[in-house]
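# Reading the structure
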Amino acid sequence: MNKFVFSTVADVVVGPGTSAQVGDMAVAMGISRVLVVTDAGIVQFGLLDKALQSLKSHNIEYSIYADVVADPPESVVMDAVAKARDFKCDCVIGFGGGSSMDVAKLLAVLINGKQLLADLYGVDKVTGGRLPLIQIPTTAGTGSEATMVSIITTGETTKAGVVSRTLLADKIILDASLTTGLPAHVTAATGIDAMVHAIEAYTSKRLKNPLSDMLAREALRLLAANISTAVKQGDNLEARGAMLLGAMLAGQAFANAPVAAVHALAYPLGGNYHIPHGLSNSLVLPYVLRFNAPAAAELYAEIAGLIMPGKLLPDDPTAVTEMLADHFLVLAADLGLQTTLRQMDIAENDLPKLARESMLQQRLLINNPREVNLNDSLAIYRQAY
Ligand SMILES: NC(=O)c1ccc[n+]([C@@H]2O[C@H](COP(=O)([O-])OP(=O)(O)OC[C@H]3O[C@@H](n4cnc5c(N)ncnc54)[C@H](O)[C@@H]3O)[C@@H](O)[C@H]2O)c1
Ligand SMILES: [Fe+2]
């Protein structure tokens, strides 16, 4: 067996309604002043209410920073740090989607004043410690609650990541009752994103390992079996719970066996046209699967039964990969997602630019089972058009 390192969050609390236990958990952690990092939508939908009541009933002081925006810019992080310093918090709770949780991670580090945000971008640049950190996701997709990554918007179309084990939280609370109000199209896109995390972790070229494989398989089983129900019956708590758990397991997998070409080709779509991340992934996924077949068909065949349960699969792994690509096209359409770049109003003339930009994602492309060059990328975008 190859050597490997696997890191994850030590404590995970799972179950509908568990966000109402956060006060007890904070007491057990010796916490007395909490800054909750979230966005205005979460406050407006009342999703914080039970958690705040629980803090109050345990005499824990709290303050809410609710100005996180999707794809948060650096100014939001600095604003949140200033608020946290004023309030003198001794714990940070990230409460919301990936955007709120990513800001919470950086805030927990930056509050000590030892480093500037600009010093943190890249891998293993965090040198100091951080405040106690609890993550409570309200979307089932990014897996950010379980990753050691924070993604910040640094320019018009550019994002940068901070990658450090210090960003792994102390505790995750998976309360599916917080996700029943997620709109159908967000549920669909974020659910496909989580499936892509598991697929790309399973085929990750450099860091795939037995633990990430095990997590990716279980994530795919849960996500594939529940995505349609979660999209079509949003209040089905059983399906929502399975999606939330599946997305976290996929997060634990790709935190240790990183994602690859699907994400590398999806990022330019998000950056240039503000297409939601999960939908960007879904648009290129079938064609990246086909492209990767010569290098990864056997691995795809190993997980195909989990993604397409009950389907009779051919013996030939390449034929299975074809079926898998077709399956994702049919699934996306059935979930109400667009399936072509043309439908997204992208000009065909833009494809060479997208291909050039995808080549900048070498951090991801080095994990792909098959080498991708500029022409390959362009061919994939053309097929997705
Ligand atoms: N750190 C990581 O490992 C990692 C991985 C992938 C993506 N990301 C980042 O995560 C961010 C995207 O996160 P996201 O997709 O979870 O969305 P998000 O956090 O940007 O939230 C999107 C919208 O959904 C709303 N929302 C969230 N939960 C809701 C609920 N339960 N009901 C109704 N509305 C709800 C929010 O109010 C917000 O308006 C991006 O910045 C991306 O770069 C991080
Ligand atoms: Fe993703």
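Residues numbered from 1 in each chain as written. Chains lettered and ligands numbered in written order. Predicted model: local features only at pLDDT ≥ 70, side-chain atom pairs only at ≥ 80, totals over all residues.

## Side note on the pairing of strand S7 (residues 149-153)
Of all the five residues making up S7, four are buried; the element is thus mostly covered by neighbouring parts of the structure. By the bridge criterion, five bridges tie S7 to strand S8 (residues 159-163) in an arrangement that is antiparallel. Residue pairing across strands places Val 149 opposite Val 163, the latter belonging to S8. Where S7 hands over to S8, the hairpin turn is made up of five residues, counted between the paired strands. (Buried ≥ 20, exposed ≤ 12 C-beta atoms within 10 Å, placed from the backbone. Helix = DSSP H or I, 4+ residues; strand = E, 2+ residues; numbered from the N terminus. Pairing = 2+ DSSP bridges.)

## Comments concerning the site of ligand 1
Taken together, 28 residues lie near ligand 1, and Gly 41, Gly 97, Gly 98, Ser 99 and Thr 147 sit nearest. Where the shell around ligand 1 is concerned, the elements lending two or more residues are helix H2 (40-44), helix H5 (98-110) and S7. Sorting elements by how many residues they give to the shell around ligand 1 places H5 first, with four residues. Per-class residue counts for the shell around ligand 1 are eight nonpolar, 17 polar and three charged. (Near = placed C-beta within 6 Å. Nonpolar A, V, L, I, M, F, W, Y, C, P; charged D, E, K, R; others polar.)

## Observations regarding the sheet that holds strand S1 (residues 11-14)
Strand pairs in the sheet, formed through backbone hydrogen bonds, run parallel or antiparallel to each other. Taken together, six strands build an open sheet; the order of strands is S1-S9-S6-S4-S2-S3 and the sheet is parallel. Every other strand in the sheet has two partners, leaving S1 and strand S3 (61-65) as the edge strands with one partner each. Averaged over all adjacent pairs, the angle separating strand axes in this sheet is 20°, with direction ignored. With four bridges joining them, S1 and strand S9 (residues 171-174) adopt parallel strand pairing. If you follow Asp 11 over to S9, its bridge partner there is Lys 171. Along the sheet, helix H9 (residues 237-256) contacts S1, strand S6 (133-137) and S9; its crossing angle with S9, the most-contacted strand, is approximately 150°. (Axes fitted to C-alpha atoms, helices over the stretch in contact; angles between N-to-C directions. Contact = placed C-beta atoms within 7 Å.)

## Observations regarding the domain arrangement of the protein chain
For an interface, size is often stated in terms of accessible area lost upon the parts coming together. Domain boundaries assigned for the protein chain yield domain 1 (11-178) and domain 2 (185-384). Taking only C-alpha atoms, the centre of domain 1 and the centre of domain 2 are 27 Å apart. Across the side of domain 1 that touches domain 2, the residue classes break down as nine nonpolar, nine polar and one charged. (Domains from an automatic or database assignment.)

## A few points about the sheet that holds S7
Taken together, the three strands give an open sheet; going across it, the order is S5-S8-S7, and neighbouring strands pair in mixed fashion. Among the strands making up the open sheet, the edge pair consists of strand S5 (122-123) and S7. Across the face of the sheet, H5 comes into contact with S7 and S8 while running at roughly 105° to S7.

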